[in-house]
Amino acid sequence: MSTAINDLVLVHIDNKPGFYARIEDVSPDVKPGWWRVKLLVLTVPLEIYTWILEEAQINGTPFTMGGTPIRMEKIVSPLARESVTPSQSPEPPPGDPPDKGKGAKIVSLLDRKKDK
C-alpha cells in the first residue's frame with residue numbers, strides 16, 4: 001500500500017506505537033533515490049519533523065535512526081474500510097415497502113450553512 005501526501009501514519013519506535021502523523025510533503029532529496037518527508041506530528045503542541053527516507057521506508061519498510069528501529073504504517077480510516085459502493089448495497093425485494101423510520105437521516109452541513 002503506497003503512502004502519499006495527506007495520508008495518516010502511525011510511527012512505530014522500537015517496535016511499539018509511538019505517535020501519529022500526517023504526511024505534509026514529499027520532495028526529492030539531493031541524494032538520488034531519497035526523499036524529504038515532512039510530517040505533521042499529531043501531538044500537543046503540534047510539531048513538524050522532516051525525515052530523509054527511501055521510498056520503501058515511506059511505505060512501511062523498517063529502518064533505524066541512531067540505532068533505534070522505526071517503521072511508518074499507513075492508517076486507513078475505519079469509515080473508508082467499511083464504505084460500500086451503491087452497487088454493493090442490498091436492494092429490497094420488489095414489492096416490499098421501504099423501511100420508514102428505520103434508517104439514519106442524512107443531514108447536509110452545507111445546506112445548514114445556507115439556511116443561516
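For the structure, see preceding data.
Reading the values: rules and limits
- Residues numbered from 1 in each chain as written.
- Predicted model: local features only at pLDDT ≥ 70, side-chain atom pairs only at ≥ 80, totals over all residues.
- Heavy atoms only, no water.
- Pairing = 2+ DSSP bridges.
- Helix = DSSP H or I, 4+ residues; strand = E, 2+ residues; numbered from the N terminus.
- Axes fitted to C-alpha atoms, helices over the stretch in contact; angles between N-to-C directions.
- Phe/Tyr/Trp six-rings, centres within 6.5 Å; stacked < 30°, edge-to-face > 60°.
- Buried < 20%, exposed > 50% of the residue type's maximum accessible area, 1.4 Å probe, protein only.
- Salt bridge = Lys/Arg side-chain N within 4 Å of Asp/Glu carboxyl O.
- Contact = heavy atoms within 4.5 Å.
- Polar contact = N/O pair within 3.5 Å; in protein donor to acceptor, adjacent residues only side chain to side chain.

A.B. asks: Looking at this structure, how should I read the sheet that holds strand β4 (residues 47–54)?
C.D. replies: Sheet strands pair by backbone hydrogen bonding; their relative direction is either parallel or antiparallel. Strand order in the open sheet formed by six strands is β4-β3-β2-β1-β6-β5, with antiparallel pairing between adjacent strands. The open sheet has two edge strands with one neighbour each: β4 and β5 (63–65). Neighbouring strand axes in the sheet, compared pairwise and without regard to direction, differ in orientation by 40 degrees on average. Examined bridge by bridge, strand β2 (residues 16–28) and strand β3 (residues 34–41) share seven bridges and lie antiparallel to one another. Paired with D25 across the two strands is K38, which belongs to β3.

A.B. asks: Sorry, what's going on with the packing of aromatic side chains here?
C.D. replies: The way to describe two aromatic rings as a pair is by their centre distance and the angle between their planes. Counting across every chain of the model gives four aromatic pairs. Aromatic side chains F19 and Y49 sit 5.8 Å apart centroid to centroid with 85 degrees between the ring planes, which places their arrangement in the edge-to-face category. Residue F19 is found in strand β2, and its partner Y49 is found in strand β4; the two are separated by 30 residues along the sequence. Residue classification places F19 among the buried positions, given a relative accessible area of 13%. Summarising the aromatic geometry, the rings of W51 and F63 are spaced 6.2 Å apart at their centres and angled 80 degrees between planes, so their arrangement reads as edge-to-face.

A.B. asks: How should I be thinking about the pattern of salt bridges in this particular structure?
C.D. replies: Pairing between side chains of opposite charge can happen when the charged atoms of each approach one another. Enumeration over the complete set of coordinates arrives at three salt bridges. The salt bridge involving D29 is made with R36; its shortest N-O contact spans 3.2 Å.

A.B. asks: Would you explain the pairing of β3 in this entry?
C.D. replies: Linkage of β2 to β3, two consecutive antiparallel strands, is achieved through a turn of five residues, within which G33 is found at a positive phi near 85 degrees. Note that β3 and β4 share eight bridges and pair antiparallel. Within the sheet, the bridge partner assigned to V41 lies in β4 and is E47. Counted along the chain from β3 to the antiparallel partner β4, the turn is five residues long.

A.B. asks: Would you mind going over the environment of N59 with me for this structure?
C.D. replies: With respect to the helices, strands and loops of the structure, N59 is situated in the loop between α1 (55–58) and β5. Take N59: its relative accessible area is 29%, and that puts it in the partly exposed class. Residues N59 and K74 lie 15 residues apart in sequence; the distance between their C-alpha atoms is 7.4 Å. Discounting chain neighbours no more than four positions away, the residues touching N59 are M1, S2, T3 and M72. Within the structure, N59 has its side chain in polar contact with the backbone nitrogen of T3 (distance 2.7 Å).

A.B. asks: Even after reading the chapter, I still don't get the side chain of D29, so can you show me in this structure?
C.D. replies: Its place among the elements puts D29 in the loop between β2 and β3. On the basis of relative accessible area, D29 is assigned to the buried category, the value being 15%. If near-sequence neighbours (up to four positions away) are discounted, D29 is found in contact with W34, W35, R36 and I52.

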